[in-house]
Amino acid sequence: MKLWLWRGLRHRRWQAAALAVSLALSVALLVATVVLAEGVKSGLEISAQRLGADLVLIPRAVQVRQPEALLFGGETVPAYMPASLEAQARQTEGVQAVTAQFFLQTLEKNCCDLDSPKQLIGYDAPTDWVVTSWTKEGAPAIKDDEIVVGAGISAVQTQELAVLGRFFKIRSVLPETGTALDNSLFISLAEARNLANGSPEMQNLWQENGPPSALISALLIRLKPEADVWQVRQALSELGPVQVLAAGESKKRVEQAAGVMTEILGGVAALVAVAALGQLFLRFYSFIRERRTEWALYIALGASAKRVAVMVLAEAAVLSLAAAVAGVTGGALLGFWLLETLLVAQSVPVVLPSGLWLLQIAVWAVLGTVLAGLAAAAFPAWRCGHTKAETILRV
């Protein structure tokens, strides 16, 4: 049967190739959709667990392009407000925790050991939970000569990093988060204020707003579980010329964007899969007429109906298996490429799936494709097996 199978596929190689490519394309799109959905879903779940804040307090005059970037952490805004707001925010009913951040300038290549512009942020290590939740060690950089760097700081090759004329010991490197954290550097709040105070480019800001030691750029606020978000937001907005960003609204926008993207790709994949299975069914159904003489000859030579049916199913299994392997490989590559693109764009929190998860998906995809191919060829195989031997005499 192996020889017959090989001869049959080689004789109809263009038809077989077209069928395999069509099926492989549908498998690739389905696998890419699953990989993309898993990466975005995991990223959103982890970001929800490690969410930077329920609310973020920033100066009212600031125009924020992406509010969710502030909430997930790492996005900076060049503005300042009185540090006294931190104590007032802590006293607001419904507030569980507050941590301050101080934003410096965007760092350029000529000032630091960096390959591209990055954001320098001062954070209050004793009260912080944003940066700490992403560190592998689970401990913040608490010393003034230490620095925490994002995963996108590719120039980091040693244990020290030069920033604005100062050398910092690298405390830890954050894992990829798919947010602005990847292109950020974090130092202690006190050291950030010292660097800002000595920066000639920022002196005009201190003349307008006061000394850096009395300023902050943002307050990240975590609420008590029973707190009324709207009431707390209203109370915080009355503290002064500030604006309050809420996590729920931003998370909803991110989830909607990710959902639409996954639904579109999934819809296309489903349509291609249905078309491919329909083509597979029609292809093997055509065997009834195209190869009726061949089936009649096998039956005339003593082959049973079951034997003929198995021969047809074997061809379907080989084509489905080849398409499945190619489709899974292509789909995995496409899915990871899309996730890497999202990581670079930092538009949606993303976590790359593990190798074990991908292996499980590959096994199920190959098994499912082969079973679908056999199902599509089952009825044509049964009809071919019941071809009458006298058919050969009519040709």
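Worth saying up front: this structure is predicted, and the values here are computed from it rather than measured.

**Some details on the packing of aromatic side chains**
Taken as a whole, this structure holds 4 aromatic pairs when the rule is applied. A centroid spacing of 5.1 Å and a plane angle of 65 degrees characterise the contact between Tyr 80 and Trp 206, whose relative ring orientation is edge-to-face. Of this pair, Tyr 80 sits in the loop between helix H3 (67-72) and strand E2 (81-82) while Trp 206 sits in helix H6 (residues 203-209); the two residues are 126 residues apart in sequence, bridging distant segments of the chain. A residue is classified by how much of its surface remains accessible, and Tyr 80, at 9% relative accessible area, is buried.

**With respect to the confidence of the model for the protein chain**
With 67% of its residues at a pLDDT of 70 or more, the protein chain shows a mean pLDDT of 76. Mean pLDDT values for the elements of the protein chain range from 49 in H3 up to 94 in helix H4 (residues 85-90).

**Remarks on the nonpolar core**
The biggest cluster of nonpolar side chains holds 20 residues, and the ones touching the most others in it are Phe 102, Ile 147 and Leu 185. Contributions of two or more residues to this core are made by strand E3 (95-107), strand E5 (146-149), strand E6 (160-163), strand E7 (166-173), strand E8 (184-188) and helix H5 (189-197). Take this core: its biggest share by element is 4 residues, from H5. Counting residues in hydrophobic clusters, the runner-up holds 19 residues, among them Ala 53, Ile 121, Leu 174 and Ala 218.

Calculation rules
- Residues numbered from 1 in each chain as written.
- Predicted model: local features only at pLDDT ≥ 70, side-chain atom pairs only at ≥ 80, totals over all residues.
- Heavy atoms only, no water.
- Phe/Tyr/Trp six-rings, centres within 6.5 Å; stacked < 30°, edge-to-face > 60°.
- Helix = DSSP H or I, 4+ residues; strand = E, 2+ residues; numbered from the N terminus.
- Buried < 20%, exposed > 50% of the residue type's maximum accessible area, 1.4 Å probe, protein only.
- pLDDT = per-residue confidence, 0-100.
- Core = buried A, V, L, I, M, F, W, Y, C linked by side-chain atoms within 4.5 Å.

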